[in-house]
Amino acid sequence: MKTIFIVEDETGIRDALQLLLSFENYDVRSFATAEAFNNRDQSVIPDIFIMDVKLPDGLGTDLCNQIKEDPATAQIPVMIISAHAKAAHVVNSCKADVFIPKPFDIDDVILKIENLVKEPNLQ
């Protein structure tokens, strides 16, 4: 079973993603804040990270950069989901693999997740 970490402060979006992705047979772990994410069990390495840009205590783009700079997680895909940020800004501020604007189509999100976790690690 593939594991997904979601960092999203909006409860409705976080719960909906967690529920829908669980139905797709993913092990989903969610975090409402950057602090909660940073205090996670570091021994668990997910297959993909999904993060909102604006969090109550930080930016998902900063978390994305931390992930991409850490040798243990650098090759793991990061999907940024945001209602506020523009794709160009996200691409310039972090090394996210995919940007999805809110509101989003859940089928599109699931398809992009499946494509990201299926790709073989070429590094």
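Rules and cut-offs
Residues numbered from 1 in each chain as written. Predicted model: local features only at pLDDT ≥ 70, side-chain atom pairs only at ≥ 80, totals over all residues. Heavy atoms only, no water. Helix = DSSP H or I, 4+ residues; strand = E, 2+ residues; numbered from the N terminus. Expected span 1.5 Å × (residues − 1). Buried < 20%, exposed > 50% of the residue type's maximum accessible area, 1.4 Å probe, protein only. Arc of directions from axis to C-beta. Contact = heavy atoms within 4.5 Å.

Looking up the protein chain in an unreviewed UniProt entry gives the name Response regulator, with the organism given as Chryseobacterium indicum.

Student: Residues and numbers for helix α1 (residues 11-23), please.
Tutor: Given a rise of 1.5 Å per residue, 13 residues ought to cover 18 Å, and the 18 Å separating the end C-alpha atoms of α1 matches this to within 8%. The complete set of buried residues in α1 reads R14, L17 and L21. Taken end-on, α1 shows its buried residues confined to a sector of 70°, consistent with a single buried face. Structural note: α1 exposes G12 and F23 on the side pointing more than 90 degrees away from its buried face. Buried residues in α1 make contact with β1 (2-7), β2 (26-31), β3 (48-52), β6 (78-82) and α5 (106-118). Positive backbone phi, at 70°, marks N25, one or two positions downstream of α1.

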